[in-house]
There are 2 protein chains.
Amino acid sequence: MDKLHKAIDKRDSLVCLGLDPDPELMPDIGILEFNKAIIDATCDLVGAYKANLAFYEAAGIDGLTALMKTVEYIPEDIPIIGDAKRGDIGNTARHYAKAIFETLGFDSVTVNPYLGYDAVEPFLSYHDKGVFLLCRTSNSGAADFQSLSCLSPDSCEQKPLFAVVAQKAKEWNKHGNMGLVAGATYPEELKLIRMICPDMMLLIPGIGAQEGDLARAIHCTMPAKGQRAIFASSRRILYASKGHDFAQAAREAAGQLRTNINSILNSD
Amino acid sequence: MDKLHKAIDKRDSLVCLGLDPDPELMPDIGILEFNKAIIDATCDLVGAYKANLAFYEAAGIDGLTALMKTVEYIPEDIPIIGDAKRGDIGNTARHYAKAIFETLGFDSVTVNPYLGYDAVEPFLSYHDKGVFLLCRTSNSGAADFQSLSCLSPDSCEQKPLFAVVAQKAKEWNKHGNMGLVAGATYPEELKLIRMICPDMMLLIPGIGAQEGDLARAIHCTMPAKGQRAIFASSRRILYASKGHDFAQAAREAAGQLRTNINSILNSD
């Protein structure tokens, strides 16, 4: 988390650029070549990178090789989040944590809460690594379970499931290395999460291709000084142009997002 | 699911053997060599294999290569489940589904329900592949969220979250290619899940190293004729011996589990 705060400060940027190489959208070059061009073009403009493992896994051995080389290629002082959304029982979770933090070399990871504490703890036990727990995701199906009204275990109140998850995350964050994932597409939920966890770093997807309202998301997640959130965007930046100028177009889109976020923050 | 039923019938076995190569427990040989020896020793005794991706991912490129060759090596008529517990928004879930079903060649997959329908649908849309949705997992942390009492969306009743998940799975199972994961360690929960989904294939972990009660799990999941569940065991079988006789010991352990299950079924 220190590394993340420093990278944000140095580049004055709350942009988290998702490196999600989609063969249907990217130019006709290799994944590693594509990522290197994007990183070269954006590394002075972003506070963090994020790689969604699905895109690399779909490409098999070549994808995994490109992912490992991409993680190595990213400048030392910019954190990279392994957007893996893993969740498994303790014994298995230890192997996932090893895969993400040691084999792949990520600085942090996204984890699914459904399996409970013993599925999250093996990631948290790497005290120098970050863990972003899924809380309220940005997709439409999120409401199926995350918004169910639950009887909270520590009170007699009914609360939506995601609020119980946020409350648990606060309890589990003993080493200060935990954050939450909450989609920009649900601002009221963002507000509630920020109330429950006033100090936690938030990772906010859903402002790009998913059309969440950036200004509302900023106001909901950073109502007070010192509160921080990073805003993940992938497709809108990576595929700003499909032509040879894709890297330059990505630079412009990332710079524009940085400017937009900072303008909204500074106008408050 | 047809392939699974046929493999179960042919081998008279409800054993699902988990191929989870753990470097701390396995003999000092390569993953692929280990898996091949285990498969050779057990392929007439099991109804399905299951590979937990964490163990392969932790081993990097070598692990992924061994996984792909393992999937190829398994006899054509035995289904292999990719125990990946994936869950991500629709666009990303499509890439995970491609990775599991096309790149890796699994017959079925385990999926996490937390993100809701659009995270599950891309897997279900492969009509010739199976999808086991996590419902009530076998670990102790499962109670953190899965057992929370929720206001069910289709009634005014309070139900545990996992029961809402089971109900949704029933609705989502339009192509008959869905099953549920429910741990043997929680027999009362198994009973409730079986009541909600009387016809669904259940994948039951937790009978081996996790010490769930096999007889109770069988009675809870197969109270009526025609109902089916497969029982996953990994460590108890794979690491029955640490010596050179590991494959023979695995054969004996797998055979013993098959016999135990069938004896309990036949004594009813």
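Residues numbered from 1 in each chain as written. Chains lettered and ligands numbered in written order. Predicted model: local features only at pLDDT ≥ 70, side-chain atom pairs only at ≥ 80, totals over all residues.

## Quick notes on the overall build of chain A
For chain A, the count of helices and strands is twelve helices and ten strands. A globule of 268 residues ought to have a C-alpha radius of gyration of about 18 Å, and chain A, at 18 Å, matches this closely. A fraction of 71% describes how many contacts in chain A between residues 6 or more apart in sequence connect residues 24 or more apart. (Helix = DSSP H or I, 4+ residues; strand = E, 2+ residues; numbered from the N terminus. Rg over C-alpha atoms; globule rule 2.2 N^0.38 Å. Contact = placed C-beta atoms within 7 Å.)

## Things to note about the relation of the copies chain A and chain B
Turning chain A through 180 degrees and shifting it by 0.0 Å along the axis lays it on chain B, with an RMSD of 0.0 Å. Expressed as a symmetry operation, the mapping of one chain copy onto the other fits a two-fold axis. Among all residues of chain A, the minimum C-alpha distance to the rotation axis is found for Cys150(A), at 2.1 Å. By residue overlap, the copies meet face to face through one surface: 100% of the interface positions of chain A are interface positions in chain B. (Least-squares fit on C-alpha atoms with pLDDT ≥ 70 in both.)

## Notes on the sheet that holds strand S5 (residues 130-136) of chain A
Residue and element names in this part refer to chain A. One closed barrel holds the eight strands; their spatial order is S1-S2-S3-S4-S5-S8-S9-S10, and the pairing between them is parallel. Pairs of neighbouring strands in the sheet enclose a mean axial angle of 30 degrees, with direction left out of account. Pairing geometry for strand S3 (residues 80-86) and strand S4 (residues 108-111), over three bridges, is parallel. Residue pairing for S4: Ile-81 is matched across the bridge by Ser-108. (Pairing = 2+ DSSP bridges. Axes fitted to C-alpha atoms, helices over the stretch in contact; angles between N-to-C directions.)

## Observations regarding helix H6 (residues 117-124) of chain B
Looking at H6(B), one finds that the buried residues are Ala119(B), Val120(B), Pro122(B), Phe123(B) and Leu124(B). Buried residues in H6(B) make contact with helix H5 (90-103), strand S4 (108-111), strand S5 (130-136), helix H8 (161-172) and strand S8 (178-182) of chain B. (Buried ≥ 20, exposed ≤ 12 C-beta atoms within 10 Å, placed from the backbone.)

## Here we look at the nonpolar core
Counting 198 residues, the largest nonpolar core has Leu133(A), Leu180(A), Ile204(A), Leu133(B), Cys135(B), Leu180(B) and Ile204(B) as the members making the most contacts within it. In contact with Ile204(B), other than residues within four places in its own chain, are Ala182(B), Gly183(B), Ala184(B), Ala217(B), Thr221(B), Ala229(B), Ile230(B), Phe231(B) and Ala232(B). (Core = buried A, V, L, I, M, F, W, Y, C linked by C-beta atoms within 7 Å.)

## Overview of the packing of helix H2 (residues 31-42) of chain B against helix H4 (residues 60-73) of chain B
Residues and elements named next belong to chain B. Relative orientation of the contacting elements H2 and H4 amounts to 20 degrees, with a least axis distance of 9 Å. In terms of orientation, H2 lies roughly parallel with respect to H4. The two elements H2 and H4 meet at a crossing, and its hand is right-handed. In contact with Ile-31, Leu-32, Asn-35, Lys-36 and Ile-39 of H2, H4 contributes Gly-63, Ala-66, Lys-69, Thr-70 and Tyr-73. Classifying every residue of the contact of H2 with H4 by side-chain character gives five nonpolar, three polar and two charged. (Parallel < 35°, antiparallel > 145°, perpendicular 65-115°, else oblique. Left-handed = near helix turned anticlockwise from the far one by under 90°. Nonpolar A, V, L, I, M, F, W, Y, C, P; charged D, E, K, R; others polar.)

## Concerning the interface of chain A and chain B
The partner chain B presents 49 residues to the 49 residues of chain A that form the contact. Those elements that provide at least two residues to the side of chain A that touches chain B are helix H3 (53-57), helix H4 (60-73), helix H5 (90-103), helix H6 (117-124), helix H7 (143-146), strand S6 (149-151) and helix H8 (161-172) of chain A. Looking at the side of chain A that touches chain B element by element, the count peaks at seven residues for H5(A). Its residues placed into classes, the side of chain A that touches chain B shows 24 nonpolar, 18 polar and seven charged.

## Considerations on the environment of Gly141(B)
Residue and element names in this part refer to chain B. Assignment of secondary structure puts Gly-141 in the loop between S5 and helix H7 (143-146). Since 21 C-beta atoms lie within 10 Å of it, Gly-141 is described here as buried. As a C-alpha pair, Gly-141 and Ala-48 span 93 residues in sequence and 27 Å in three-dimensional space.

## Quick word on the sheet that holds strand S3 (residues 80-86) of chain B
Residues and elements named next belong to chain B. The strand order around the closed barrel formed by eight strands is S1-S2-S3-S4-S5-S8-S9-S10, and the pairing between neighbours is parallel. Neighbour-to-neighbour, the strand axes of this sheet turn through a mean angle of 30 degrees, independent of strand direction. Both strand S2 (residues 48-52) and S3 contribute to a ladder of four bridges, which runs parallel. When the sheet's bridge partners are listed, Ala-51 is paired in S3 with Gly-82. This element, helix H9 (residues 187-196), spans S5 and S8 of the sheet and lies at about 165 degrees to S8.

## Topic: the environment of Pro23(B)
With respect to the helices and strands, the residue Pro23(B) is situated in the loop between strand S1 (15-18) and H2. C-alpha separation for the pair Pro23(B) and Ala58(B), spaced 35 residues apart in sequence, amounts to 9.9 Å.

## Let's talk about the confidence of the model for chain A
In low-pLDDT segments, the atomic positions of the prediction should not be examined closely. Looking at chain A, the pLDDT average stands at 96 and 99% of residues meet or exceed 70. For this predicted complex, the interface confidence score (ipTM) comes to 0.96, while the overall pTM stands at 0.97. (pLDDT = per-residue confidence, 0-100.)

## Quick notes on the pairing of S1(B)
Residue and element names in this part refer to chain B. Burial along S1 is two-sided: the residues Val-15 and Leu-17 and Cys-16 and Gly-18 are all buried. Pairing geometry for S1 and strand S10 (residues 229-233), over three bridges, is parallel. In the strand pairing of S10, Val-15 is matched with Phe-231. Taken together, the three bridges between S1 and S2 define a ladder with parallel strand orientation. Residue Leu-17 lies in a different strand from S2, and its bridge partner there is Tyr-49.

## A closer look at unusual backbone geometry
A positive phi angle is found at Asp12(A), which is not glycine, with a value near 45 degrees. With respect to the secondary-structure elements, Asp12(A) resides in the loop between helix H1 (2-11) and strand S1 (15-18). A positive phi angle, near 50 degrees, is found at Lys85(B), a position not held by glycine. Assignment of secondary structure puts Lys85(B) in strand S3.

## Digging into H8(B)
A rise of 1.5 Å per residue sets the reference length of H8(B), with its twelve residues, at 16 Å; its end C-alpha atoms lie 16 Å apart and thus fit the reference within 8%. Within H8(B), burial applies to Leu161(B), Phe162(B), Ala163(B), Val164(B), Val165(B), Ala166(B), Lys168(B) and Ala169(B). (Expected span 1.5 Å × (residues − 1).)

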